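Results of the structural survey
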Amino acid sequence: MFTGIITDIGKITLLEQQGDLRARIETGYDTDGIDMGASIASDGVCLTVVDLGADWYEVQISAETVTKTNIGDWKPGRRLNLERALKVGDELGGHIVSGHVDGVAEVIAAHDEGDSTRVTLRAPKALARFIAPKGSVALNGTSLTVNEVDGCDFGINFIPHTKEVTTWGGVAVGDRINLEIDTLARYVARLADMS
């Protein structure tokens, strides 16, 4: 489990197809404190560490994960939002995030409002019903509050701090974004469907 509070910005240094896709991610984390098999959310995707170096870790990514996320867009040099798995007793500053991406949203508009940036995204139709004004979503692993919803489109506001400590400072129209809907919204919808 994760909180959606990004704690490092990593960089892809190597991508290789070895049966599954293998990615090497450069990180500022102390890799001496990362165990083999640990989970690290990389742009919101919970990935398992399969190799480690002094300032990098490697993950193995199945074809299923590639098809459900924006990982097919990854290239060497791409920056990623990183978060280590939540430990018992850690502060829950965002919301409960599983790292199981539900689908990919697309940035359809972005403009500055003062020092902040207002971004409009389009969710896949099947996921749009789970997104509510003032509800939570995880976008590329970042816990965010939804401002407004209009059909499949929803708005997010990025304050300067978020743009500085995540990859959101470089957001552009056309970007494909990993979307994880709020777990609570998923269960409420499931209960409503059953009644």
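Higher on the page you've got the structure.
Remember, predicted model here, so these are calculated numbers, not experimental data. (Residues numbered from 1 in each chain as written. Predicted model: local features only at pLDDT ≥ 70, side-chain atom pairs only at ≥ 80, totals over all residues. Heavy atoms only, no water.)

As for the overall build of the protein
- Secondary structure summary: the protein contains four helices and 13 strands in total.
- Rg of the C-alpha trace for the protein: 16 Å, near the compact-globule value of 16 Å for 195 residues, within the 12% margin.
- Oriented by its inertia axes, the alpha-carbon framework of the protein measures out at about 45 × 45 × 35 Å.
- Relative to its 195 residues, the protein shows a buried fraction of 43%.
- Long-range contacts, defined here as pairs at least 24 residues apart, represent 69% of the contacts in the protein between residues at least 6 apart.
- Total accessible area on the protein stands at roughly 9700 Å², and carbon and sulfur atoms take up 51% of it.
- Both charge centroids of the protein, one from 18 positive and one from 29 negative side chains, sit 5 Å from each other. (Helix = DSSP H or I, 4+ residues; strand = E, 2+ residues; numbered from the N terminus. Rg over C-alpha atoms; globule rule 2.2 N^0.38 Å. Buried < 20%, exposed > 50% of the residue type's maximum accessible area, 1.4 Å probe, protein only. Contact = heavy atoms within 4.5 Å. Areas by Shrake-Rupley, 256 points an atom, 1.4 Å probe, with all protein chains shown as cover. Lys, Arg positive; Asp, Glu negative; His and termini not counted. Charge placed at Lys NZ, Arg CZ, Asp CG, Glu CD.)

Things to note about the layout of surface pockets
- Reported here for the largest pocket is a volume of approximately 270 Å³.
- In terms of lining residues, the largest pocket is bounded by 13 residues, among which Arg78, Arg79, Thr167, Gly170 and Asp175 are the most central.
- Of the residues assigned to the lining of the largest pocket, the class counts are three nonpolar, four polar and six charged. (1 Å grid on protein atoms, 1.4 Å probe; cavity = no way out; pocket = protein on both sides within 12 Å on 5 of 7 lines; lining within 4 Å. Points joined across faces, edges and corners; volume = space filled by probe spheres on them. Nonpolar A, V, L, I, M, F, W, Y, C, P; charged D, E, K, R; others polar.)

Some words on the pairing of strand β1 (residues 8-18)
- Note: β1 against strand β6 (residues 79-84), four bridges, orientation antiparallel. Looking across to β6, one finds that Ile9 is bridged to Asn81.
- In the sheet, β1 pairs with strand β2 (residues 20-26) via seven bridges, with the strands oriented antiparallel. Within β2, the position partnered with Gln18 by the bridge is Asp20.
- Between β1 and β2, which follow one another and run antiparallel, lie one residue, and Gly19 among them has a positive phi close to 80 degrees. (Pairing = 2+ DSSP bridges.)

Remarks on the pattern of salt bridges
- Per the stated rule, a full pass over the model turns up seven salt bridges.
- Its salt-bridge partner being Glu58, residue Arg22 comes within 2.5 Å of it at the nearest N-O pair. You can see Arg22 sitting in strand β2 and its partner Glu58 sitting in strand β5 (residues 56-61), a full 36 residues away along the chain. Take Arg22 and Glu58: they sit in the same class, and that class is buried.
- Across the salt bridge formed by Arg122 and Asp153, the nearest N and O atoms sit 2.6 Å from each other. With Arg122 in strand β8 (residues 116-122) and Asp153 in strand β12 (residues 153-158), this residue pair connects regions lying 31 residues apart in the sequence.
- On the accessibility criterion, Arg122 (41% relative accessible area) is partly exposed.
- A single network of salt bridges, built from pairs that share partners, joins Arg22, Arg24 and Glu58. (Salt bridge = Lys/Arg side-chain N within 4 Å of Asp/Glu carboxyl O.)

Some thoughts on the pairing of strand β9 (residues 136-139)
- Relative to strand β10 (residues 142-145), β9 is paired through four bridges, and the arrangement is antiparallel. Bridge assignment links Ala138 to a residue of β10, and that residue is Ser143.
- Once β9 ends, the chain turns through two residues before running back antiparallel as β10, passing Asn140 with a positive phi of about 45 degrees.
- Where β9 lies against strand β13 (residues 176-181), three bridges are found, and the strand directions are antiparallel. When the sheet's bridge partners are listed, Ala138 is paired in β13 with Glu180.

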